[in-house]
Amino acid sequence: MRMLRFILPQGDTARAEIEQQVQLLLRVEPTRLLTTSVAFLLTAVFLPIWLALGAMGLDLLLESLGLRLMRNLDPARHRLRYLAALGTVILSEVSFALPCLLIWQQEGDFAKATAVGLLSMTLFQLSTVRAIHLPFGMAGAIGAGLVAAIGNGYYWWHQQSLLGFAISSMGLLAALAYAFGAMFSNHALHVELMQRGVKADAANRAKGRFLAQMSHELRTPLNAIVGMGEAELAQSPDPAARARMGTLVGSAMDLAAILDDILQMAAVEEQQLPIRPVVAQPRAVIEATVALFQPVFDRAGLWLRLDFVDLRQAGGAAALQVPEHAEFDPQRLRQCLSNLLSNAQKFTQTGGASVRVSYRPQSLRAPGKPAFGVLQIDVLDTGRGISAIERATLFRPFQRGDSTHAGSGLGLAISRGIAQQMQGDLECLPSPTGALFRLTLPIRPAEITQSTPAVAMDLTGRHILVVDDIATNRLVAATYLRGMQARVEEAASGAAALSKIAAARPDLVLLDLHMPGLSGAETLAAIRALPGPHLTVVAMTADTSVAERAQYLAAGLDGCVTKPLTLQALQLGLAPHLAKAVRR
């Protein structure tokens, strides 16, 4: 048993090697079966057909048995199965090398060349495909080498030629030495690649945890910015102040959306930014984005112009205008255009930039499909321009146009990826002056026949308990709820929440899930253990993934609202549980 422990590989590395070995063998199995069958049929030129077919059948049977033994194989736990797998490898190579041995004994034309070629083929296969888990490759090479050595010795013993035996044995040893050398080199390469993969996976998991924690921490100040901004926006009578506050709230919401994207990218499942098409006003979105950058250009002493170009149609038809309403993702459009405007300002010393917007319908449309058009946005600046060499690598990640300017070099790569995911594109076109970028996005014109009247939650007389350890978060939620005429109580911990519930049972509890002391999950369990009718509990959480929300609902929550809170999101989250609403 001690000898077995010495021979058998231990640890997770051996198990991972065998699993990767199985996956590689399965990937190359069609090619391997074809070449093996052709090799055995070739031996039928020199050997009886029944012998060639018998050896082929035995080899394929042993190969299949070996693959079954290697599936989910842990050498430390399945010792006998591991030894059986090694045995099948040895016997499989012996069954392949035996016809080579028999052909080597013949004096016919090309017999020895065929034997050497077939033996070289199996050594090559062992040193490459079988090199991931080294003991399998070594066992097969030893089996084939022993058969070859025995066959070579038997032949030259009958020939009574010691010189021939010595020369051919040296050639065989050289071939085996080369095969073992290649095997060890390939094995080392596989091990290095596996270790890099393990480190990369660990780094990705650590990055995901860091991004998730960072996103959670950033949502607390964002919650305050959005909540207090919307409260002031609703109360301020000054149009200019309302416009500034609207820009502040909109920018904070854009940042919240980016945080959502970071989390979804870190999940590694899709590695793509989500596209959320809604019916919006493309002209208004573009105007608002350009207006956001107007002060930046003004401070830099640059001009910024926006032109909506109506394309003339042939035959005197009416000019094509950008649709008033269309279905597209306004957040992604703002993100792409903002990046182009930021770059235009950054790389322009004198002059300015112009934004030219046009729209053209899709020329070819499949029957029954909705009519799509292409929104084209050209951003042209008066900077130093971009050479043809620079344009070739411009959209690669971490490519920075000028080391004197700050930036990660990711903006253009991300923007092009977004555009292409929306079935559009982002290009850098040749221009006699400055840099010219063209953003094209497909949009579907939409008709807005009647505006839906706003729905205001009527929470008069409703008692709601807000539980969060951060005072800012409680203030934001309480401000929204009091604006809907609710009676609000606040609790800074789970223990305080349980005391308030025992004193006066509320109609609904808004519960933060990440609290020190008694956590949100523990507070929920304690609430569910209380006697009396079911108490509605809705979570306030910064966790936005579908899996996490499903997990929370399965734990006994009645609903979830995501931070940063907005009035609309809070109304939508509470409406199914506090259904008393009126139209205004």
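We now turn to the structure provided with this report. (Residues numbered from 1 in each chain as written. Predicted model: local features only at pLDDT ≥ 70, side-chain atom pairs only at ≥ 80, totals over all residues. Heavy atoms only, no water.)

Helices and strands together make up the secondary structure of the protein chain, namely 18 helices and 14 strands. Of all intrachain contacts in the protein chain linking residues separated by at least 6 positions in sequence, the fraction that spans at least 24 positions is 72%. For the protein chain, the computed accessible surface area is about 30800 Å², with 61% contributed by carbon and sulfur atoms. (Helix = DSSP H or I, 4+ residues; strand = E, 2+ residues; numbered from the N terminus. Contact = heavy atoms within 4.5 Å. Areas by Shrake-Rupley, 256 points an atom, 1.4 Å probe, with all protein chains shown as cover.)

This part is about helix α14 (residues 471–483). The end-to-end C-alpha distance of α14 is 18 Å, a good match for the 18 Å that 13 residues give at a rise of 1.5 Å each. When we look at burial in α14, the residues that qualify are Asn-473, Arg-474, Val-476, Ala-477, Ala-478, Tyr-480 and Leu-481. Of the residues flanking the end of α14, it is Gln-485, one or two places downstream, whose phi is positive at about 70°. (Expected span 1.5 Å × (residues − 1). Buried < 20%, exposed > 50% of the residue type's maximum accessible area, 1.4 Å probe, protein only.)

As a further point, take the sheet that holds strand β12 (residues 536–541). Strand order in the open sheet formed by five strands is β10-β9-β11-β12-β13, and the pairing between neighbours is parallel. The outermost strands of the open sheet, each flanked by one partner alone, are β10 (487–491) and β13 (559–562). Geometrically, the sheet is characterised by an average inter-axis angle of 25° between neighbouring strands, direction not taken into account. Bridge count for strand β11 (residues 508–512) against β12 is five bridges, and the pairing is parallel. From the neighbouring strand, Leu-508 faces β12, where its bridge partner is Thr-536. This element, helix α15 (residues 494–503), spans β9 (463–467), β10 and β11 of the sheet and lies at about 140° to β10. (Pairing = 2+ DSSP bridges. Axes fitted to C-alpha atoms, helices over the stretch in contact; angles between N-to-C directions.)

Tallied over the full model, the rule gives four aromatic pairs. Pairing Trp-104 with Tyr-155 gives two aromatic rings, centres 6.1 Å apart and planes at 65°, and the pair type is edge-to-face. Of this pair, Trp-104 sits in helix α5 (residues 79–104) while Tyr-155 is found in helix α7 (residues 134–159), placing the two residues 51 residues apart along the sequence. Like Tyr-155, Trp-104 is buried. The interplanar angle of 80° and the centroid separation of 5.0 Å between the aromatic rings of Tyr-155 and Trp-156 together place this pair among those described as edge-to-face. According to the relative accessible area criterion, Tyr-155 is buried, its value standing at 6%. Grouped by ring-pair contacts, the aromatic residues Trp-104, Tyr-155 and Trp-156 constitute a single cluster. Seen from the ring of Trp-303, Arg-305 lies directly overhead, with NZ or CZ sitting 3.9 Å from the centre. (Phe/Tyr/Trp six-rings, centres within 6.5 Å; stacked < 30°, edge-to-face > 60°. Lys NZ or Arg CZ within 6 Å of the ring centre and 35° of its normal.)

Another point: the environment of Cys-100. Mapped onto the elements, Cys-100 comes out in helix α5. Cys-100 gets classed as buried once you look at its relative accessible area, which sits at 6%. Measuring from C-alpha to C-alpha, the distance between Cys-100 and Val-116 comes to 7.5 Å, with 16 residues separating the pair along the chain. Ignoring any residue separated from it by four or fewer positions in sequence, one finds Cys-100 in contact with Ala-115, Leu-118 and Leu-119.

A cluster of nonpolar side chains, namely Leu-41, Ile-49, Trp-50 and Leu-53, defines an oily patch on the protein surface of about 450 Å² accessible area. In terms of residue count, helix α4 (residues 49–70) provides more of the nonpolar patch than any other element does, three residues in total. Inspection of the secondary structure assignment puts Leu-53 in helix α4. (Patch = residues over 30% accessible without salt bridge, like charges linked within 9 Å, V, L, I, M, F, W, Y side chains within 5 Å. Salt bridge = Lys/Arg side-chain N within 4 Å of Asp/Glu carboxyl O.)

Counted according to the given criterion, the structure contains 13 salt bridges. Here Glu-107 makes a salt bridge to Lys-112, at a shortest N to O gap of 3.8 Å. Relative accessible area serves as the criterion here: at 54%, Glu-107 is assigned to the exposed category. According to the relative accessible area criterion, Lys-112 is partly exposed, its value standing at 23%. Put simply, Arg-474 and Glu-490 hold a salt bridge, and the shortest N to O gap is 3.2 Å. Note that Arg-474 is positioned in helix α14 and Glu-490 in strand β10, a separation of 16 residues in sequence.

Moving on, we come to the packing of α4 against α5. One way to put it is that α4 packs onto α5 with a least axis distance of 9 Å and a crossing angle of 160°. Considering the angle they form, α4 stands roughly antiparallel to α5. Judged by the sense of rotation from one axis to the other, the crossing of α4 with α5 is left-handed. Residues Leu-51, Ala-55, Leu-58, Asp-59, Leu-62, Glu-63, Leu-65, Gly-66, Arg-68, Leu-69 and Met-70 of α4 pack against Arg-81, Ala-84, Ala-85, Thr-88, Leu-91, Ser-92, Ser-95, Phe-96, Pro-99 and Leu-102 of α5. The residue makeup of the contact of α4 with α5, split by class, is 13 nonpolar, four polar and four charged. (Parallel < 35°, antiparallel > 145°, perpendicular 65-115°, else oblique. Left-handed = near helix turned anticlockwise from the far one by under 90°. Nonpolar A, V, L, I, M, F, W, Y, C, P; charged D, E, K, R; others polar.)

On to empty space enclosed by the protein, then. Summed over the entire model, instances satisfying the criterion amount to one cavity of 30 Å³ or more. Estimated volume of the largest cavity: approximately 40 Å³. Looking at the largest cavity, the residues that line it are Leu-62, Glu-63, Gly-66, Leu-67, Met-70, Thr-88, Val-89, Ser-92 and Arg-130. Counting only elements with at least two residues in the lining of the largest cavity, the list comes to α4 and α5. Here the element with the most residues in the lining of the largest cavity is α4; it accounts for five residues. (1 Å grid on protein atoms, 1.4 Å probe; cavity = no way out; pocket = protein on both sides within 12 Å on 5 of 7 lines; lining within 4 Å. Points joined across faces, edges and corners; volume = space filled by probe spheres on them.)

The bulk of non-glycine residues show a negative phi, and the bulk of peptide bonds are trans. A positive phi angle, near 55°, is found at Asn-72, a position not held by glycine. Within the fold, Asn-72 resides in the loop between α4 and α5. Using a relative accessible area of 61% as the deciding quantity, one classes Asn-72 as exposed. Here the phi dihedral of Gln-160 falls at roughly 55°; this positive angle occurs in a residue that is not glycine. Residue position: Gln-160 is located in the loop between α7 and α8 (162–235).

Membership of the largest hydrophobic core comes to 38 residues, with the highest contact counts inside it found for Ile-286, Leu-333, Ile-377, Phe-437 and Leu-439. Here this core takes six residues from helix α11 (residues 330–346), the largest share from any one element. When near neighbours in sequence (up to four residues on either side) are disregarded, Phe-437 contacts Leu-340, Ile-377, Asp-378, Val-379, Ile-386, Leu-394, Phe-395, Leu-412, Leu-426, Glu-427 and Cys-428. (Core = buried A, V, L, I, M, F, W, Y, C linked by side-chain atoms within 4.5 Å.)

Our next topic: helix α16 (residues 520–528). An α-helical turn contains 3.6 residues, so a residue and the one three or four places further along point in the same direction. Regarding α16, the residues found buried are Gly-520, Thr-523, Leu-524 and Ile-527. Buried residues of α16, seen end-on, are gathered within an arc of 100° and therefore sit on one face of the element. Buried residues in α16 make contact with α15, β11 and β12. (Arc of directions from axis to C-beta.)

It is worth stressing that arrangement in space is one thing and function is another; only the former is reported here.
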